[in-house]
Amino acid sequence: MIDSKYGEHAQVLIQALPYLQRYIGKTIVIKYGGAAMTDEAIKATVMQDLILMSCVGIRTVLVHGGGPEIDALMGKLGMETRRVRGLRYTDAAGMEVVQEVLAGKVNKQLVSLIQAGGGKAVGLCGIDGGLLKARRATAGGEDLGFVGDVSAVDPSLVENALGAGFIPVVATVASGEEDARVIYNVNADTAAAKLAMALKAEKFILLSDVPGILRDLKDPDSLIRAANPPQIKSLIEDGTVSKGMIPKVECCVVALAGGVKRAHIIDGRLPHALLIEVFSDAGIGTMISKD
Ligand SMILES: Nc1ncnc2c1ncn2[C@@H]1O[C@H](COP(=O)(O)OP(=O)(O)O)[C@@H](O)[C@H]1O
Ligand SMILES: [Mg+2]
């Protein structure tokens with residue numbers, strides 16, 4: 001007789017079969033938010049999930065933020081952080097810190113964690129291979145310094161890395177569209193969505209530090225499980241969605257309009273949230289789709 005423990009293992013694996021059949025060979029873009037990247041143990045489980053996805057043949061792309069790390073280094077250097085409508089005002093000195101932290105420290109740490117777990121990863125930023133081009137952004141007419149809006153995406157370098165079996169890990173600093181020597185800080189949610197569109201991704205998943213879109217920020221049980229673009233619009237208009245959640249929901253809507261089938265905002269603090277989302281029918285977080 002087979003030990004029932006082994007039977008359970010087999011059941012778990014067999015449950016994943018329809019999802020493996022659906023996603024193998026397809027592209028999934030994951031945005032890992034700075035706010036959910038602060039716990040090292042959880043970070044390691046996120047990396048394991050990415051390695052597993054890539055290992056079974058899902059074209060897995062990681063785009064990351066690093067806001068808290070940027071704030072920490074700026075604090076150490078005695079630089080003040082000013083936000084205009086929730087976006088970090090970035091002067092020339094601030095832009096140096098952003099580039100050092102995002103494209104240097106955070107990006108390379110994520111790559112080394114994937115490699116340490118037996119995966120293959122390559123760290124890139126938007127400057128590499130002309131991946132992300134940006135134009136100077138403003139917030140309601142107010143200057144933000146070296147903050148840019150992504151104006152063009154050339155995914156060829158990422159495609160090549162995927163083709164060679166690597167997990168591309170992307171830091172969202174971009175080259176100026178007019179002058180490539182000018183470097184811009186771009187919102188990682190928006191950049192990830194545009195990359196997902198350019199790669200014709202099947203799924204776009206945002207890992208943040210909340211269970212998903214909440215009706216009441218203080219109540220985790222008020223999770224909105226599913227929403228379509230018109231519902232998202234009213235959630236912004238009535239103020240339910242605010243601050244860092246605004247670019248997230250907006251970029252999900254843009255990604256859907258651009259052909260991405262499904263967007264999910266899930267809790268990156270939950271161990272193996274990615275695996276649960278991709279390989280089971282336990283819908284966690286908020287799913288945003290057209291219907
Ligand atoms: N309706 C909402 N539901 C969930 N989170 C919300 C909502 N409105 C605003 N937020 C805020 O958005 C934050 C996530 O965005 P952000 O801080 O930019 O994180 P990340 O680093 O993942 O991009 C949450 O921590 C929460 O404070
Ligand atoms: Mg954010």
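Right above here is the structure, for reference.
Residues numbered from 1 in each chain as written. Chains lettered and ligands numbered in written order. Predicted model: local features only at pLDDT ≥ 70, side-chain atom pairs only at ≥ 80, totals over all residues. Heavy atoms only, no water.

A. Quick peek at helix 5 (residues 92–116). The terminal C-alpha atoms of helix 5 lie 35 Å apart, and with 25 residues this matches the ideal 36 Å at 1.5 Å per residue to within 8%. A bend of about 30 degrees at Asn107 is the largest found in helix 5. Listed as buried for helix 5 are Gly94, Met95, Val97, Val98, Val101, Leu102, Val106, Asn107, Leu110, Val111 and Ile114. With its phi angle positive at about 90 degrees, Gly118 sits one or two positions after the end of helix 5. (Helix = DSSP H or I, 4+ residues; strand = E, 2+ residues; numbered from the N terminus. Expected span 1.5 Å × (residues − 1). Bend = angle between axes of the 7 residues up to and from the residue. Buried < 20%, exposed > 50% of the residue type's maximum accessible area, 1.4 Å probe, protein only.)

B. Representation of the side chain of Thr27. Structurally, Thr27 is set in strand 1 (residues 27–32). Ignoring anything within four residues of it in the chain, the contact list for Thr27 reads Arg59, Val61, Leu199, Ala201, Glu202 and Lys203. (Contact = heavy atoms within 4.5 Å.)

C. Local environment of the sheet that holds strand 9 (residues 173–176). Spatial strand order, 6-7-10-9: 4 strands in a closed barrel with mixed pairing. Pairs of neighbouring strands in the sheet enclose a mean axial angle of 65 degrees, with direction left out of account. Sheet topology note: the strand 9/strand 10 (residues 183–186) ladder contains 3 bridges and is antiparallel. Bridge pairing in strand 10 links Ala174 to Tyr184. Each of strand 6 (132–139), strand 7 (142–153) and strand 10 touches helix 7 (residues 188–198); the most contacted strand, strand 7, lies at about 10 degrees to it. (Pairing = 2+ DSSP bridges. Axes fitted to C-alpha atoms, helices over the stretch in contact; angles between N-to-C directions.)

D. Expanded view of unusual backbone geometry. In the Ramachandran plot, Lys243 falls in the positive-phi region, its phi being about 40 degrees despite a non-glycine side chain. Relative to the helices and strands, Lys243 resides in the loop between helix 8 (229–237) and helix 9 (245–257). Non-glycine residue His272 carries a positive phi angle of around 60 degrees. You can see His272 is positioned in the loop between strand 13 (262–267) and helix 10 (273–279). The exposure class assigned to His272 is partly exposed, which follows from its relative accessible area of 27%.

E. How the structure looks around the pairing of strand 10. Both strand 7 and strand 10 contribute to a ladder of 2 bridges, which runs parallel. Each residue of the ladder has a partner; that of Gly148, found in strand 10, is Val186. Turn length for the strand 9-strand 10 hairpin, with the two strands adjacent in sequence and antiparallel, is 6 residues.

F. Quick look at helix 3 (residues 40–55). Look at helix 3: 22 Å from first C-alpha to last across 16 residues, which is about the 22 Å you get at 1.5 Å a residue. For helix 3, every residue scored as buried is listed here: Ile42, Lys43, Thr45, Val46, Met47, Asp49, Leu50, Ile51, Met53 and Ser54. Those residues of helix 3 that are buried lie in contact with strand 1, strand 2 (59–64), helix 5, strand 8 (167–171), strand 11 (203–208) and helix 10. N-cap assignment for helix 3: the residue whose side-chain oxygen lies 2.9 Å from the backbone N of Ala41 is Asp39. A positive phi of about 105 degrees marks Gly57, the residue just after helix 3. (Polar contact = N/O pair within 3.5 Å; in protein donor to acceptor, adjacent residues only side chain to side chain.)

G. Quick peek at the packing of aromatic side chains. Counting across every chain of the model gives 1 aromatic pair. Their ring planes at 45 degrees and their centres at 6.3 Å tell us that Phe146 and Tyr184 sit as a pair that is tilted. In this pair, Phe146 sits in strand 7 while Tyr184 sits in strand 10, placing the two residues 38 residues apart along the sequence. Among the residues examined, Tyr184 registers a relative accessible area of 9% and is labelled buried. Here Arg82 stacks its cationic end above the ring of Tyr89, 4.5 Å away from the centre of that ring. Across from the ring centre of Phe166, 4.4 Å away, lies the NZ or CZ of Lys120, which sits over that ring. (Phe/Tyr/Trp six-rings, centres within 6.5 Å; stacked < 30°, edge-to-face > 60°. Lys NZ or Arg CZ within 6 Å of the ring centre and 35° of its normal.)

H. Up close: the site of ligand 1. Around ligand 1 sit 18 residues, and of these Ser208, Asp209, Leu214, Thr240 and Lys248 come closest. Between Asp209 and ligand 1, the recorded distance is 2.8 Å, taken from a side-chain N or O atom to an oxygen atom. Here a nitrogen atom of ligand 1 and a backbone polar atom of Leu214 are 2.8 Å apart. Taken by itself ligand 1 offers 570 Å² of open surface, and the protein chains cover 82% of this. Comparing atom positions with the cavity grids shows ligand 1 to sit within the largest pocket. Tallied by class, residues from the shell around ligand 1 come to 7 nonpolar, 7 polar and 4 charged. (Near = heavy atom within 4 Å. Areas by Shrake-Rupley, 256 points an atom, 1.4 Å probe, with all protein chains shown as cover. 1 Å grid on protein atoms, 1.4 Å probe; cavity = no way out; pocket = protein on both sides within 12 Å on 5 of 7 lines; lining within 4 Å. Sits in = over half its atoms within 2 Å of the grid points. Nonpolar A, V, L, I, M, F, W, Y, C, P; charged D, E, K, R; others polar.)

Such coordinate-based values are descriptive only and should not be taken to indicate function.
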